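# Coordinates in review
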Amino acid sequence: GWSSWKKSFIVLIVLENMMARREIFRGFTNMLRGVRMHSGGIARKQFAKIEESDISTFRKLLGEKSVITNDDSLEFHNNDWMKQYRGNSKVVLKPKSTEEVSSILKHCNARKLAVVPQGGNTGLVGGSVPVFDEVVLSLSSMNKVLSLDEYSGVVECEAGCILQNLEEHLAKHGFVVPLDLGSRGSCQLGGNVSTNAGGLRLIRFGSLRASVLGIEAVMADGTVLDSLKTLRKDNTGYDIKQLFIGSEGTLGVITKVAISVPRKLESVHLAMLGCNNFQQVLEAVAAAKFKLAEIVSAIEFFDQQCSDLVVRNLPGMSHVLETSSPFWVLVETTGSEDSHDSDKLYNFLNYCMEKQVVEGGTVAEGGTQMRKLWGMRENIPMALLKEEEVFKYDLSVPTSEMYNLVEIVRERLKERYPQAGVFGYGHLGDGNLHLNVTCPTADKEAVESILEPFVYEWTAEKRGSISAEHGIGQMKISKLYLSKPPELIALMRQIKGVF
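Residues numbered from 1 in each chain as written. Predicted model: local features only at pLDDT ≥ 70, side-chain atom pairs only at ≥ 80, totals over all residues. Heavy atoms only, no water.

### Quick word on the overall build of the protein chain
We count it as follows: Going along the chain from the N terminus, every DSSP run of H or I of four or more residues is numbered as a helix, and every run of E of two or more is numbered as a strand. Using C-alpha atoms as the atom set, the radius of gyration is obtained and then compared with a globule rule of 2.2 Å times the number of residues to the power 0.38. Accessible area is worked out with a 1.4 Å probe on protein chains only. A residue is then buried under 20% of its type maximum, exposed over 50%, and partly exposed in between. What makes two residues a contact is simply this: any of their non-hydrogen atoms within 4.5 Å.
The number of helices and strands found in the protein chain is 19 helices and 18 strands. The C-alpha atoms of the protein chain give 23 Å as radius of gyration, which agrees with the globular expectation for 499 residues (23 Å, within 12%). Dimensions of the protein chain along its principal axes, counting C-alpha atoms only, are 70 × 60 × 45 Å. Counting across all 499 residues of the protein chain, residues that qualify as buried make up 52%. Partitioning the contacts of the protein chain with sequence separation of at least 6, the portion at a separation of at least 24 is 74%.

Structure follows, in structure tokens:
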């Protein structure tokens, strides 16, 4: 019927726009017009296959050690972090400079070899691993911090710079990265920018679209685009770097980044609050934004199911408080005057208690307790990996609606699949819900049929986004029409055609 034909047509446009999810070569655009879906996957089209002559060329361009072909080393690069997607690449390339990236892409473009750019491979939608046998272009060897202007607060680094390493470098000079992720020890800045990563402190610093001042990128034909400016004001036409932020490598490979970095403030406080229902959670958030205002740096929540899961699945983890609550809210403040900030936090807590917004909680005393409180929230993804099967949904919805979906999904599953677990947590400051559903492997297909497309369609009805911060990757290509109307998808296709 018309409805299914329309969806198929839109999916085809999306695939063309995403270049069959990751391929970035301008010369492949026409070939991708024939991409079709089959059995829920992507059909391989007429890209060339890697040959020994290509391996020899890469070795001449990069040197022997930067061309990886042994099976053991390929294993990491072919598998995503969740072990949900597996490619079959025969070679991983690790260039050390922008010039080497350009040389690789020139050769691949001429040979019509498909390429997948890869950062720390910490993504959750299969966006950084091959679909088939693409050449993996790893940025891990381009990992240097290039410069720091302490007067303007701007750092320049290569795309393979690990987030935690950049954090540690900046801390020595009294600055912080305006981005914080649980995967900070592995994820890379190029991947963060390419996926427009959100993280725990978006409420304080905004998204990377606001923090990234400039980029250097290499197009599919090897052309180097130098937009590595450190200016906060540059009103000279289109802001091209914004096209690359969040494009997931479909327009080119980001090789360098310039980011505005704020000063590191020494006054940090953290409270964990217990709430009896989600309405109390909402009221606590509103109170935090009002009472803490300029010093609030993070507002996170997780339900008791998440807390129990972390304690059950991760050795050494324990509940923060002896009492349990249906919901937990983490409120962090960051400022420059400790006594002022402490007073504001306790005024906020007293206000919440007087208004019966919270039932109890604790304030961290020192770094050890802060790490324990944050550990409960940040270790939820690791605890979920211990389950047999897990379905992960990264959604943007109005904050008042965030937990409604969790309860609806729990209700839909409880009678037929009582062993399924439904977990809700996320970033309250920006309306980002992480809905996770676990189940035994034997129930996987049946549970998935209940979850999809229902979860995505419910989100679309609320005018939400099917991907708040994880991107599209392989997982959500066929769902993109639920977040973008045909006119916008067509425009994305036209932009892709330019690159």
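### A few points about the packing of aromatic side chains
Put simply, the rule reads: Any pair of Phe, Tyr and Trp rings, taking the six-membered ring for Trp, is counted once the centres come within 6.5 Å. Such a pair is stacked with planes under 30 degrees apart, edge-to-face with planes over 60 apart, and tilted for the rest.
Summed over all chains, the structure comprises seven aromatic pairs. Centroid distance Phe 327 to Tyr 403: 4.6 Å. Interplanar angle 80 degrees. Geometry classified as edge-to-face. Linking Phe 327 in strand β14 (residues 327-335) with Tyr 403 in helix α16 (residues 402-414), this pair joins segments that are 76 residues apart in sequence. On the accessibility criterion, Phe 327 (6% relative accessible area) is buried. A relative accessible area of 3% means that Tyr 403 is categorised as buried. Following the ring pairs from residue to residue traces out a cluster consisting of Phe 278, Phe 301, Phe 327 and Tyr 403.

### Regarding helix α12 (residues 304-313)
Spacing of three or four residues puts side chains on the same side of an α-helix, whose turn is 3.6 residues. Restricting attention to buried positions, one finds in α12 the residues Gln 304, Cys 306, Ser 307, Leu 309, Val 310 and Asn 313. The elements touched by buried residues of α12 are β13 (296-303), β14, α14 (367-378), α15 (380-385) and β17 (421-427).

### Description of the pairing of strand β7 (residues 145-149)
To keep things clear, this is the line we draw: Two strands form a pair only when DSSP identifies at least two bridges running between them.
By the bridge criterion, four bridges tie β7 to strand β8 (residues 154-158) in an arrangement that is antiparallel. Counted as the bridge partner of Leu 148 is Val 155 from β8. In this structure, the hairpin formed by β7 and β8 is closed by a connection of four residues, where Gly 153 is found at a positive phi of approximately 70 degrees.

### A short note on the environment of Ile 55
By the secondary structure assignment, Ile 55 is in helix α3 (residues 52-62). Residues within four places of Ile 55 in sequence aside, it is in contact with Ile 50, Val 67, Thr 69 and Val 91.

### Things to note about the pairing of strand β10 (residues 224-227)
Across four bridges, the pairing between strand β9 (residues 212-218) and β10 is antiparallel. When the bridges of β10 are listed, Val 218 appears paired with Val 224. Two successive antiparallel strands, β9 and β10, enclose a turn made up of five residues, where Gly 222 displays a positive phi of approximately 95 degrees.

### Things to note about the sheet that holds strand β18 (residues 432-439)
Rule in force here: Here the axes come from fitting lines to C-alpha atoms, over the contacting stretch only for helices, and the angles between their N-to-C directions go from 0 to 180 degrees.
Spatial strand order, β15-β12-β14-β13-β17-β18-β16: seven strands in an open sheet with antiparallel pairing. At either end of the open sheet lies a strand with only one pairing partner, and these are β15 (360-363) and β16 (389-396). Averaged over all neighbouring strand pairs, the angle between strand axes comes to 15 degrees, with direction disregarded. Across nine bridges, the pairing between strand β12 (residues 267-275) and β14 is antiparallel. In the strand pairing of β14, Gly 274 is matched with Trp 328. Running at roughly 15 degrees to β18, α16 makes contact with β13, β14, β16, β17 and β18 of the sheet.

### Some remarks on the packing of helix α11 (residues 278-291) against helix α13 (residues 338-354)
Heads up, the rule is: Handedness of a crossing follows from how the near helix is turned relative to the far one, being left-handed for an anticlockwise turn of less than a right angle and right-handed for a clockwise one. Three classes are used: nonpolar for Ala, Val, Leu, Ile, Met, Phe, Trp, Tyr, Cys and Pro, charged for Asp, Glu, Lys and Arg, and polar for all others, with Gly counted as polar.
At a closest axis distance of 10 Å, the pairing of α11 and α13 adopts a crossing angle of 145 degrees. In this structure, the crossing between α11 and α13 has a hand that is right-handed. Here α11 contributes Ala 284, Ala 287, Ala 288 and Lys 291 to the contact with α13, which in turn contributes Lys 344, Phe 348, Tyr 351 and Cys 352. When the residues that make up the contact of α11 with α13 are grouped by side-chain class, the tally is six nonpolar, no polar and two charged.

### Comments concerning the side chain of His 77
Turning to its location among the elements, His 77 is positioned in helix α4 (residues 71-78). According to the relative accessible area criterion, His 77 is buried, its value standing at 8%. When near neighbours in sequence (up to four residues on either side) are disregarded, His 77 contacts Val 92, Lys 94, Gln 118, Asn 121, Val 129, Pro 130, Val 136 and Ser 138.

These results come straight from atomic positions and should not be treated as a statement about function.
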